[in-house]
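Geometric and topological summary
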Amino acid sequence: MIKGKRLNSETIMVVIIFLFAYMMPLWVNPYQINIYTYFMTTILLCLSLSLIWGMTGIFSFAQATFFGIGAYAYGILGRLMENPSITILIMVLAVLLAALAAGILGFFMFYGGVNDVFVGLITLCFAIAFHTFMMQTAGPEWSIKGIELGGWNGLYQIPKLTIFGLQMNDIVYYLFVLSIVLFIYLGMKKIQKTKIGYSMLAVRENRSRSELLGFNVPAVQTLVFAVGGGIAGLAGVLYSSWGTYVSPSNITIAASTLPVVLVAAGGRKNSTASMIFAGIYCVFTNQLAVSTTGSQFSSIIIGVLLIIVILYLPEGLIYSLFKSLDYLVGKMSAPKTSDKKEVF
């Protein structure tokens, strides 16, 4: 009991997972840690969608696009500056560019009165347009001060992040990315209890009623969409620094759809559920990839699982599990009432 409130399964699970993640370098080799760093960028991308879709009700296919904008912006600026000591500043600039792109798109959509269905279609078209454009940027004519975008081959030789003279590699970079995921996650949990968090919840549940109650719905939607784009851009920056490259394969329609699938299957209204399911998916697909016969079935398995979840667990697999565990614990810990009748 903490301040009169019972710990729930979600809180316990989060504490266990992050403690395990921080201690994992003690027994996992550097190569595997490097793979888990990549998983963290996928989890961060899913958290960005959980913010705008799960917490605010804005359905978007554009998170992988903002991921790509952040990655390309960091790669281009990093190669232009050629100064490792300012890569952290370049990271901030790249994230702001991704947030700005999301904010501009959101401004025209939400202040233009675009309804929920067409928001999904517009973000899908935006993702297709950006991917198509980056695909045809091969050749020296598509360059910025001599730095070629690379077309399908992508942008290479992206500098590693360097902080206080320390280059982020292997275990150090893993702990750095893990700490960012924890910070973003805790920030999302904290914001739910603030005034803006309540306004996001109101917009998600009923946009028309929120307008009648005096909420500036377009402003809330635009702000949240921009922040979500910035978080996705941050995931792109961390990914490009991790692999020192980025290509149009990172911003395909499949890449845009994956966060939607993972967030929906885990539980879109619960950021913890989305985060955990994204992590399970990453580990699961990696294990299948190790097998010579299983890698081709990962998309099929996750697709079948999503269909089952939508049909029987519309609130999401992990979120439904949290609710079931809390219900069982609450039922077992409830005081038993005596069957004997009191005599007055």
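Notes on the structure follow. (Residues numbered from 1 in each chain as written. Predicted model: local features only at pLDDT ≥ 70, side-chain atom pairs only at ≥ 80, totals over all residues. Heavy atoms only, no water.)

Quick word on the pattern of salt bridges
Note the threshold: One speaks of a salt bridge when a side-chain nitrogen belonging to Lys or Arg is within 4 Å of a carboxyl oxygen belonging to Asp or Glu. A run of DSSP states H or I qualifies as a helix once it reaches four residues; a run of E qualifies as a strand once it reaches two. Both are numbered from the N-terminal end.
Inspection of every chain in the model, using the stated rule, returns four salt bridges. Note that Glu10 is salt-bridged to Lys189, the shortest N-O span being 2.6 Å. With Glu10 in helix 1 (residues 9-23) and Lys189 in helix 6 (residues 170-191), this residue pair connects regions lying 179 residues apart in the sequence. Among the salt bridges present, the one from Glu205 reaches Arg204, with a minimum N-O distance of 2.7 Å. Via salt bridges that share partners, Arg204, Glu205 and Lys269 belong to a single interconnected network.

Topic: the nonpolar core
The condition that has to hold: Among the buried residues, those of types Ala, Val, Leu, Ile, Met, Phe, Trp, Tyr and Cys that are joined through side-chain atoms within 4.5 Å form a nonpolar core. Throughout this description, buried means an accessible area under 20% of the type-specific maximum (1.4 Å probe, protein chains only), exposed means over 50%, and partly exposed covers the range between. By the convention used here, residues are in contact when the closest approach between their heavy atoms is within 4.5 Å.
The biggest cluster of nonpolar side chains holds 92 residues, and the ones touching the most others in it are Leu44, Leu47, Phe176, Phe225 and Leu238. With residues near it in sequence (within four places) discarded, Phe176 still touches Leu161, Ile163, Met168 and Leu238.

Here's the deal with unusual backbone geometry
One non-glycine residue, Lys145, lies in the positive phi region at around 55°. As for its placement among the helices and strands, Lys145 is situated in the loop between strand 1 (143-144) and strand 2 (147-148). Exposure remark for Lys145: the relative accessible area of 78% places this residue in the exposed category.

What about the packing of helix 4 (residues 87-110) against helix 9 (residues 217-243)?
The criterion, for reference: Here the axes come from fitting lines to C-alpha atoms, over the contacting stretch only for helices, and the angles between their N-to-C directions go from 0 to 180 degrees. The hand of a helix crossing depends on one turn: near helix anticlockwise from the far one by less than a right angle means left-handed, and clockwise means right-handed. In this classification, the charged set is Asp, Glu, Lys and Arg, the nonpolar set is Ala, Val, Leu, Ile, Met, Phe, Trp, Tyr, Cys and Pro, and all remaining amino acids, among them Gly, are polar.
Between helix 4 and helix 9, whose axes approach to 7 Å, the crossing angle comes to 145°. For the element pair helix 4 and helix 9, the recorded crossing hand is right-handed. Seen from helix 4, the contacting residues are Met91, Ala94, Val95, Ala98, Ala99, Ala102, Gly103, Leu105, Gly106, Phe107, Met109 and Phe110; seen from helix 9, they are Pro218, Gln221, Thr222, Phe225, Ala226, Gly229, Gly230, Gly233, Leu234, Val237 and Leu238. Partitioned by chemical class, the residues of the contact of helix 4 with helix 9 number 16 nonpolar, seven polar and no charged.

Comments concerning the packing of aromatic side chains
Rule in force here: Stacked, edge-to-face and tilted are the three classes for Phe, Tyr and Trp ring pairs, Trp counted by its six-membered ring, which pair at centre distances within 6.5 Å; planes under 30 degrees apart are stacked, over 60 edge-to-face, the rest tilted.
Under the definition given, this model contains 19 aromatic pairs. Between Tyr38 and Tyr239, the aromatic rings sit 5.9 Å apart at their centres with planes inclined by 55°, giving tilted as the arrangement. Taken together, the positions of Tyr38 in helix 2 (residues 30-54) and Tyr239 in helix 9 put the pair 201 residues apart, joining distant regions of the chain. Given the relative accessible area of 33%, Tyr38 is considered partly exposed. Measuring from centroid to centroid gives 5.0 Å for Phe59 and Phe61, while their planes differ by 85°, and the two rings are edge-to-face. Phe59 gets classed as partly exposed once you look at its relative accessible area, which sits at 24%.

Focus on a nonpolar patch on the surface
Which entries qualify depends on this criterion: Nonpolar side chains (Val, Leu, Ile, Met, Phe, Trp, Tyr) within 5 Å and like charges within 9 Å form the patches, drawn only from residues with over 30% relative accessible area and no salt bridge. Per-residue accessibility takes into account occlusion by the displayed protein chains alone, with areas from the Shrake-Rupley method and a 1.4 Å probe.
On the surface, a nonpolar cluster with roughly 780 Å² of combined accessible area is contributed by Ile300, Val304, Ile307, Ile308, Leu311, Tyr312, Leu313 and Leu317. In terms of residue count, the dominant contributor to the nonpolar patch is helix 12 (residues 298-312) (six residues). Tracing the sequence through the fold places Leu313 in the loop between helix 12 and helix 13 (317-333).

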